[in-house]
Structures are given as C-alpha cells and as structure tokens.
Amino acid sequence: MSLVERIEREGPKKLLAIDGGGIRGVLALEVLQGIEDLLKAKSGRPDFRLADYFDYIAGTSTGGIIAAGLSIGMSVGQILAFYQEAGAQMFVKANLLRRLRHKFEDEPLAAKLREVFTADTTLGSEKLQTLLLLVMRNATTDSPWPISNNPYARYNARTRDDCNLGLPLWQLIRASTAAPTYFPPEVVMLSPGTAKERGFVFVDGGVTMYNNPAFQMFLMATLDRYWSAKPEARWRTGADRMLIVSVGTGTSPAARQGLDPDEMNLLFNASTIPSALMFAALNEQDLLCRVFGDCRAGEAIDREVGDLVGSAGPLQQGQKLFTYLRYNAELTREGLDALGCHDIAPETVQKLDSIDGIPNLRRVGKSVAETKVLEGHFDGFIAS
C-alpha cells in the first residue's frame, strides 16, 4: 500500500507521538516494546511492526530518531539495539575549546544516522510507510519548524524548488536532536542547486512548544491548511475515529529541592534551561490532548486538574476530538518507588546524557509497560 492510499483509506486513524529527552529515549522504547508486543499478539503476525498499526508517527529530538525508525518499518527491538550499541557514540565529548559552545561532538551521531537511514533517503522516500512528523527549531528565522512528509502539504509540492520532500532524512533527524549546549546546530540547505539556494540553521525541537509533539501532530492531521493541495483528504475527528498515543521519556519535577539562588549563574542556566523548556512544553501538549481528547490513560498532570480521565472538557455536550493515551514515568524517588524500582537512584536516570543510566532507564520503561499499558486502552482501535 502506498502512503497516499494509506492516508486516504477509510477507518479509524492511529497516531503515535514520542517526546524528546536525550538518552532517556530508551525508556520510551521499552514502553513502545510493550505496545508492540500487545498489538503483535492481537494481530497474529510474527513480522508485525508498529508502522503496520500507526498511520502517523511524530517525534522531537530523540523521539525523532525513534519516530523515523518506526516509520521505515524498524521493530522496537532494532531501535533499542541502535541506542544500546550507539549510545556512547552519540555522546562523544567535544574538545575543551569547543566545549565552551557545546558539550558533545556532532559527527559521531550524524555518522550513525547516515548509516541507519542511509545518506540518500529523503523525507519523501517511499521507505517511509507512515506519515512522519519531525520537530526542530529554525534559529535563522527564530521559529518552530514542524515538518512532515504529507504529500498534500504546501511545501511538499514536487514542483517547488524548495520542496521539503527532497531534504535528507538523516539531516532532519540530526537537526531535531541538536540540543543547545549539548550539540552544535545543523545547517540544512533549502532549494539546493538553484538560484534560491539558502542555508538555515536548525536546533533541537525540544526548545519549542513541541517537545511533546502530540497535539501539534493532531493539528497537522486535521487542519485544512496543512493539506492545502487536497484539504478534503484531511483526517476526520471523533473519539471513535482517531486514537493518539503519546509516550514520554520521563520527567523529574522537584529534582533540585534545596536549590540556592546563588547557584543560578550563567553556566547553571545554560545547562538547565533546555530541560526546563522541554518539561514545560511536554506538559502543555499533554494537557491540550487530555482536554480535547477522551483520555483513557495517564498519570496526574498536577494536583489541581488530576489525570483528566473521564473529564468533560470545554466542548459542547462533552464532545471529544479523539481518544488519547499517555504513558510516562516520574523519575523522582517517589515515582521510581511507585514503579517498584526502589534500588534505582533518581540522579542516574534523570540526565539527558547519562549513558551509564541506560540499563536503569530500560528497567523503568519496562515497569511502565508492564503496569500501565493495558489492552483495554486500545478498545475500538484493534480489528477483531
């Protein structure tokens, strides 16, 4: 089935979003493994992949790596192996002079992305079996840049000199992972080989409001302006017509209890602002999804609104635009204890670049999958 045929076929649409979060992406992968196992068992197919089930997959930063891998038909296990084997290569310390600008080198990660996705695979490649959304920030224009392979999108027209579908997939993923202070930015050339050729500087999509890209993905699936070439093909809303599954990479609220204000110098802010922005952004997207969607799964957002499961929301007559599932873990002492991970120290799993924390992150993700991912959450969206 071609991508166009998949976009336009009848039946409920299933969408998947994966947060940013550095090496904590392995936590999300273990949750996704639980989802893949559940859906594979229901499908009866030994070769089942999440790309067979989800019609649209979105990711920011490390979530972009995972989303792109799933979209080309990789199994969760294959992507986990990539993180396990290449994790150390993703975070190679920059030399002392460069460390004043960024903590890690970019070429090792870029090389691994070119190896996995191949240098000649573009955003418009037929290798992509689903709609794919990657989020980055265009530092040149000071704007968020969510980009998809939707063939009906305005800037995906093949007749355009600046058609986004011709951009290298690996480079877009690399741009989405270019977290400020962690990695150098990525320069992407638009309209290459033409008089309009121009380079744009991109950084991590986590420093936009879309570190959790779930609600932005919903908008890009349903808003007519994102389907300008064929607006009637956009997806219809309804709790029985659309499922959105959002998977996080762990949060760590109150990770700095007892912080002294005098500690908040320039270096402190430079190293902590990216994660602070990511946390705020993912909460906002999650809240929007729970308000406008029929939330079946998710931990409490805060003490005031709770988890919003069964909430009526602001739409008339309690109408909901989609069904929504949110899976994540709180990486505090209390949160880890609740998952049965009593022996895991919070500081070993909270950092975005803690390679040594991979085994513990996997344990946390497995616990989330075992205790929170339930078959009943997918009722109405699994063919009998």
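Right above here is the structure, for reference.
Computed from a predicted structure; not experimentally measured. (Residues numbered from 1 in each chain as written. Predicted model: local features only at pLDDT ≥ 70, side-chain atom pairs only at ≥ 80, totals over all residues. Heavy atoms only, no water.)

Describing the overall build of the chain
Now for step 1: When its secondary structure is counted, the chain shows twelve helices and nine strands.
Now for step 2: Scored against the burial criterion, the 384 residues of the chain give a buried share of 52%.
Now for step 3: For the chain, contacts bridging at least 24 residues in sequence account for 71% of all contacts bridging at least 6.
Now for step 4: Accessible area of the chain: about 16,900 Å², with a carbon and sulfur share of 51%. (Helix = DSSP H or I, 4+ residues; strand = E, 2+ residues; numbered from the N terminus. Buried < 20%, exposed > 50% of the residue type's maximum accessible area, 1.4 Å probe, protein only. Contact = heavy atoms within 4.5 Å. Areas by Shrake-Rupley, 256 points an atom, 1.4 Å probe, with all protein chains shown as cover.)

Some points on the side chain of Glu-30
Now for step 1: Tracing the backbone through its elements, the reader meets Glu-30 in helix H2 (residues 25–43).
Now for step 2: Once you skip the residues sitting within four places of it in the chain, Glu-30 turns out to touch Leu-80, Arg-362, Gly-365, Lys-366 and Ala-369.

Digging into the environment of Leu-132
Now for step 1: Looking at the secondary structure, you find Leu-132 in strand E3 (residues 131–138).
Now for step 2: Expressed as a C-alpha distance, the spacing of Leu-132 and Ser-71, which sit 61 residues apart in the sequence, is 6.8 Å.
Now for step 3: Setting aside residues no more than four positions away along its own chain, Leu-132 makes contact with Tyr-56, Ile-57, Ala-67, Ala-68, Ser-71, Ile-147, Ser-148, Asn-149 and Leu-169.

Side note on the pairing of strand E1 (residues 13–18)
Now for step 1: Most of E1 is tucked away: six of the six residues are buried.
Now for step 2: Neither face of E1 is open: one carries Lys-13, Leu-15 and Ala-17, the other Lys-14, Leu-16 and Ile-18, and all of them are buried.
Now for step 3: Taken together, the six bridges between E1 and strand E7 (residues 242–247) define a ladder with parallel strand orientation. From the neighbouring strand, Leu-15 faces E7, where its bridge partner is Ile-244. (Pairing = 2+ DSSP bridges.)

Quick word on the nonpolar core
Now for step 1: If you look at the biggest cluster of nonpolar residues, it comprises 72 residues, and the most contacted ones within it are Leu-32, Ile-35, Leu-70, Val-245, Tyr-327 and Phe-378.
Now for step 2: If you tally residues by element for this core, the top one is H2, at nine residues.
Now for step 3: The residues touching Val-245, leaving out its near neighbours within four places in the chain, are Leu-15, Leu-16, Ala-17, Ile-35, Phe-54, Leu-325, Tyr-327 and Phe-378.
Now for step 4: With 27 residues, the next largest nonpolar core counts Leu-133, Phe-218, Trp-227 and Ile-244 among its residues. (Core = buried A, V, L, I, M, F, W, Y, C linked by side-chain atoms within 4.5 Å.)

A word on the state of the cysteines
Among covalent bonds in proteins, the disulfide is the one between the sulfur atoms of two cysteines.
Now for step 1: Using the criterion set out here, one finds zero disulfides in the structure.
Now for step 2: You can see Cys-289 has no disulfide; the closest cysteine sulfur is in Cys-295, sitting 9.2 Å from it.
Now for step 3: Accessibility expressed as a relative area gives 0% for Cys-289, which makes it buried. (Disulfide = S-S within 2.5 Å.)

Things to note about the side chain of Ser-148
Now for step 1: Residue position: Ser-148 is located in strand E4 (residues 143–148).
Now for step 2: Owing to a relative accessible area of 6%, Ser-148 belongs among the buried residues under this scheme.
Now for step 3: Within the structure, the side chain of Ser-148 is placed 3.2 Å from the backbone nitrogen of Asn-150, a separation counted as a polar contact.
Now for step 4: Discounting residues that sit within four places of it in the chain, Ser-148 has contacts with Tyr-56, Leu-123, Leu-132, Leu-133, Asn-156, Leu-165 and Met-220. (Polar contact = N/O pair within 3.5 Å; in protein donor to acceptor, adjacent residues only side chain to side chain.)

Some thoughts on helix H12 (residues 358–372)
Every α-helical turn comprises 3.6 residues, leaving residues that sit three or four positions apart pointing alike.
Now for step 1: With 15 residues, H12 should cover 21 Å at 1.5 Å per step; its first-to-last C-alpha distance of 21 Å lies within 8% of that length.
Now for step 2: Taken residue by residue, H12 has Ile-358, Leu-361, Val-364, Gly-365, Ser-367, Val-368, Ala-369 and Lys-372 as its buried positions. (Expected span 1.5 Å × (residues − 1).)

Some remarks on the packing of H2 against helix H4 (residues 62–71)
Now for step 1: Their axes nearest at 9 Å, the elements H2 and H4 cross at an angle of 35 degrees. Crossing hand, H2 versus H4: right-handed. Touching Gly-25, Leu-29 and Leu-32 of H2 are Thr-62, Ile-66 and Leu-70, all from H4.
Now for step 2: A breakdown of the residues in the contact of H2 with H4 according to their chemical character gives four nonpolar, two polar and no charged. (Axes fitted to C-alpha atoms, helices over the stretch in contact; angles between N-to-C directions. Left-handed = near helix turned anticlockwise from the far one by under 90°. Nonpolar A, V, L, I, M, F, W, Y, C, P; charged D, E, K, R; others polar.)

Some words on unusual backbone geometry
Now for step 1: A positive phi angle is found at Leu-308, which is not glycine, with a value near 65 degrees.
Now for step 2: Of note in this structure, Gln-317 is not a glycine but carries a positive phi near 55 degrees.
Now for step 3: With respect to the helices and strands, Gln-317 occurs in the loop between strand E8 (293–297) and strand E9 (322–327).
Now for step 4: Note on Gln-317: relative accessible area 86%, which makes it exposed.

Focus on the packing of aromatic side chains
Now for step 1: Under the defined criterion, the tally for this structure stands at eleven aromatic pairs.
Now for step 2: With centroids separated by 6.4 Å and ring planes inclined at 70 degrees, the aromatic side chains of Tyr-53 and Phe-378 adopt a geometry described as edge-to-face. Taken together, the positions of Tyr-53 in helix H3 (residues 50–53) and Phe-378 in the segment after H12 put the pair 325 residues apart, joining distant regions of the chain.
Now for step 3: You can call Phe-378 buried: its relative accessible area is 0%.
Now for step 4: Look at Phe-215 and Phe-292: their rings are 6.0 Å apart centre to centre, the planes differ by 35 degrees, and that puts the pair in the tilted class. Highlighted residues: Phe-215 in helix H8 (residues 214–222) and Phe-292 in helix H9 (residues 266–292), separated in sequence by 77 residues. (Phe/Tyr/Trp six-rings, centres within 6.5 Å; stacked < 30°, edge-to-face > 60°.)

Observations regarding the pattern of salt bridges
Now for step 1: All told, the structure shown has 18 salt bridges when counted by the stated rule.
Now for step 2: The shortest N-O distance in the salt bridge between Glu-8 and Lys-230 comes to 2.9 Å. Taken together, the positions of Glu-8 in helix H1 (residues 3–8) and Lys-230 in the loop between H8 and E7 put the pair 222 residues apart, joining distant regions of the chain.
Now for step 3: We classify Glu-8 as partly exposed; its relative accessible area is 34%.
Now for step 4: In this structure Lys-230 comes out as partly exposed when scored by relative accessible area, which is 24%.
Now for step 5: Salt bridges here are not isolated pairs; linked through shared partners, they connect Asp-19, Asp-286, Arg-290 and Arg-326. (Salt bridge = Lys/Arg side-chain N within 4 Å of Asp/Glu carboxyl O.)

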